[in-house]
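Secondary and tertiary structure notes
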Amino acid sequence: MSSASEGRILSSSVPLLTPPPRCATLLTDDGVPVEAVYEPCTAGAGTPGDAAAGGPAATPAIVVAHGFTGSVDRPAVRRAARVFAQRAAVITFSFRGHGRSGGRSTVGDREVLDLAAAVAWARELGHSRVVTVGFSMGGSVVLRHGALYTAESVPGHTAVCVPAREGRMGSAGAHSDAVVSVSAPARWYYRGTAPMRRLHWVVTRPSGRLVGRYGLRTRIATEDWDPVPLSPVAAVPLIAPAPLLLVHGDRDPYFPLDHPRMLAEAAGPGGAELWLERGMGHAENAADDALLARIADWATAAPPA
């Protein structure tokens, strides 16, 4: 194992399957253990000369960031991974406070460190091109991660991640080459819809956090944000030159269409591609296989930054 990965992967196991998924526990820069699963690309598996046969360096990797109350083993996340794996290698993981990961959910703040650990793992496995795809809360996290973690070329060294804003130390290779944000909010503290008012009750009230822990299997931090993290709309213009795709349903019950339009406008001319999906609801549960396949096609075809 390279020195870059020492202390990050706490444990791993490789089931005897073909192609074999790989399970690991990653350690974030602030010391939180995060469960993760790596699945090789299944395109043309077993066929000589296919992309997967060229090894990880010849295959892009997609890192999936789930929504609030999701986890690596939720059916919608597994379905997205299955579709994405037809075109790329896939890493899924559970954000802190979710699934078997440690810590408590900060609902989009320090989750950027969880995503950075998963992206760095993809590069340690040999993938030179890594695309982040996030849903809802995960959609806001991939936007902020894309703004904070950038690749700088250092003579004689590999790319170094530099989270220049917010002052956090980053991991080598934790930047993304392209970003896809699905059903993300444009701004924090939004309470304009009934589902978001219910979510704020879950996050901010002691009784709501009990419901989150025992009903939704999500452990939520009690502390307020301090400082308030960079908002999605403020993060978007900082992602360039990495390609950015924004996807949103016109029947999203959480965030109406002014959110994706605000994000697209903030990106500036040519800064983002916007897909407004007719009849789609919210996040990974509402994304059908056809949409997931189109997202994967975009992710694997988008030119590197």
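Residues numbered from 1 in each chain as written. Predicted model: local features only at pLDDT ≥ 70, side-chain atom pairs only at ≥ 80, totals over all residues. Heavy atoms only, no water.

Our focus in this paragraph is the packing of helix α4 (residues 194-204) against helix α5 (residues 206-215). Helix packing geometry: the angle between the two helix axes and the distance between the axes. Where α4 meets α5, the axes come as close as 5 Å, and the angle between the chain directions of the two elements is 95 degrees. On the basis of their axis angle, the class for α4 and α5 is roughly perpendicular. The segment α4 lies against α5, with Trp201, Val202, Val203 and Thr204 engaging Pro206, Ser207, Gly208, Arg209, Val211 and Gly212. (Axes fitted to C-alpha atoms, helices over the stretch in contact; angles between N-to-C directions. Helix = DSSP H or I, 4+ residues; strand = E, 2+ residues; numbered from the N terminus. Parallel < 35°, antiparallel > 145°, perpendicular 65-115°, else oblique. Contact = heavy atoms within 4.5 Å.)

This part takes up α4. Residues of α4 that are buried: Pro195, Met196, His200, Val202 and Val203. Here the buried residues of α4 occupy an arc of 160 degrees about the axis, which is enough to place them on one side. Each element contacted by the buried residues of α4 is listed here: α5. (Buried < 20%, exposed > 50% of the residue type's maximum accessible area, 1.4 Å probe, protein only. Arc of directions from axis to C-beta.)

All right, on to the packing of aromatic side chains then. Considering all chains together, one arrives at 6 aromatic pairs under this definition. Taken together, a centroid distance of 6.1 Å and an interplanar angle of 45 degrees make the contact between Tyr190 and Phe255 tilted. Note that Tyr190 is positioned in the loop between β9 (178-182) and α4 and Phe255 in the loop between β10 (244-249) and α7 (258-267), a separation of 65 residues in sequence. There is no split in this pair, since Tyr190 and Phe255 are both buried. Here Arg294 stacks its cationic end above the ring of Trp275, 5.0 Å away from the centre of that ring. (Phe/Tyr/Trp six-rings, centres within 6.5 Å; stacked < 30°, edge-to-face > 60°. Lys NZ or Arg CZ within 6 Å of the ring centre and 35° of its normal.)

By the criterion of burial, strand β6 (residues 130-135) is predominantly enclosed, with 6 of the 6 residues buried. Of the two faces of β6, the one carrying Val130, Thr132 and Gly134 and the one carrying Val131, Val133 and Phe135 are both buried. In this sheet, β6 lies alongside strand β4 (residues 61-65) in parallel orientation, the contact comprising 5 bridges. Paired with Val63 across the bridge in β6 is Thr132. (Pairing = 2+ DSSP bridges.)

Looking now at the side chain of Thr28. Along the polypeptide, Thr28 turns up in the loop between β2 (22-27) and β3 (33-39). There is a polar contact of 2.9 Å between the side chain of Thr28 and the backbone nitrogen of Val32. In contact with Thr28, other than residues within four places in its own chain, are Val34, Arg96, Leu113, Asp114 and Ala117. (Polar contact = N/O pair within 3.5 Å; in protein donor to acceptor, adjacent residues only side chain to side chain.)

This part covers the environment of His145. Tracing the sequence through the fold places His145 in helix α3 (residues 137-148). Looking at His145, the relative accessible area reads 0%, which means it is buried. Excluding anything up to four places from it in sequence, His145 contacts Val112, Leu115, Ala116, Val119, Thr132, Ala174, His175 and Ser176.

Right, let's get into the confidence of the model for the protein. In the predicted model, the protein carries a mean pLDDT of 87, and the fraction of residues at 70 or more is 82%. Contacts for the low-pLDDT stretch residues 153-170, under 50 throughout, to residues beyond four places or in other chains number 44 contacts. (pLDDT = per-residue confidence, 0-100.)

Here the focus is the pairing of strand β11 (residues 273-277). Here β10 runs beside β11; their pairing, made up of 5 bridges, is parallel. Along β11, the bridge assignment pairs Gly249 with Glu277. Crossover connection from β10 via α7 to parallel β11: handedness right-handed. (Right-handed = clockwise from strand over helix to strand, strands pointing away.)

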